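Here's the letter readout for the chains.
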Amino acid sequence: GWGEGGSGRSDSKGGSLRMVSRRGHWAMGTGPTSMPPFGAFKDRLRELKAEMAGLKGTIAGFGASVGASTLIRQLGLAGRVQYLFDDESKAPLDGIRVAAPDLLAELSPDWCIIFAWRYAERIMERNPDYMGKWVIPLPQFQIKQGYGEI
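Owing to the predicted nature of the structure, the values given are computational and were not obtained by experimental measurement.

Conventions used here
- Residues numbered from 1 in each chain as written.
- Predicted model: local features only at pLDDT ≥ 70, side-chain atom pairs only at ≥ 80, totals over all residues.
- Heavy atoms only, no water.
- Helix = DSSP H or I, 4+ residues; strand = E, 2+ residues; numbered from the N terminus.
- Polar contact = N/O pair within 3.5 Å; in protein donor to acceptor, adjacent residues only side chain to side chain.
- Phe/Tyr/Trp six-rings, centres within 6.5 Å; stacked < 30°, edge-to-face > 60°.
- Buried < 20%, exposed > 50% of the residue type's maximum accessible area, 1.4 Å probe, protein only.
- Core = buried A, V, L, I, M, F, W, Y, C linked by side-chain atoms within 4.5 Å.
- Contact = heavy atoms within 4.5 Å.

Caption draft 1: Quick look at the side chain of D86. Mapped onto the elements of the fold, D86 is located in the loop between β6 (81-85) and β7 (97-99). Only 2.7 Å separates the side chain of D86 from the backbone nitrogen of A64, close enough to count as a polar contact.

The following block contains the structure:
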């Protein structure tokens, strides 16, 4: 249930686990990073951050959402992502210009991180003129050029 000290499921983007802290202790353990799933996630985030640090050249992202903003900060990409491309017209996100997807090939960043990874195949298919490299950070880190993995 959603009561004090409980956890629950939300229908937001397929469901999420919520935990409530009571007197400094987490309802499902002694702390979020001490639980195996969260410890593994913390390790994976550290690995992703190291892989992203290796990206040289211009960097853009696809998918301008709060989740993208969070990942940009968590992966150490703040100040490195020059554009975010999104199907919907939006105000700048954390100071990053949000552009229409049809500008991707024209602006031609060296790397385009697909923050909307659930739609990675569709995004790549709709942008065949983009000649840079695609980065799919989750659920498994991948780098692709066009339709072939490199």
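Caption draft 2: Fine view of the packing of aromatic side chains. The final tally for this structure, using the stated rule, is two aromatic pairs. For the ring pair Y130 and W134, a centre distance of 4.8 Å and an interplane angle of 70° mean the geometry is edge-to-face. Taken individually, Y130 and W134 each receive the classification buried, so the pair is uniform in this respect.

Caption draft 3: Quick peek at the nonpolar core. Core analysis: the biggest nonpolar cluster contains 23 residues, and M52, L77, L84, I113 and V135 have the highest contact counts within it. Taken together, the elements giving at least two residues each to this core come down to α1 (36-53), α2 (66-74), β6 and β8 (111-114). Non-local contacts of V135, meaning those with residues more than four positions away in its chain, are made with M52, L55, W111, C112, I113, I114, F141, Q142 and I143. Within the second largest apolar cluster, 13 residues are counted, among which are A60, I114, A120 and I136.

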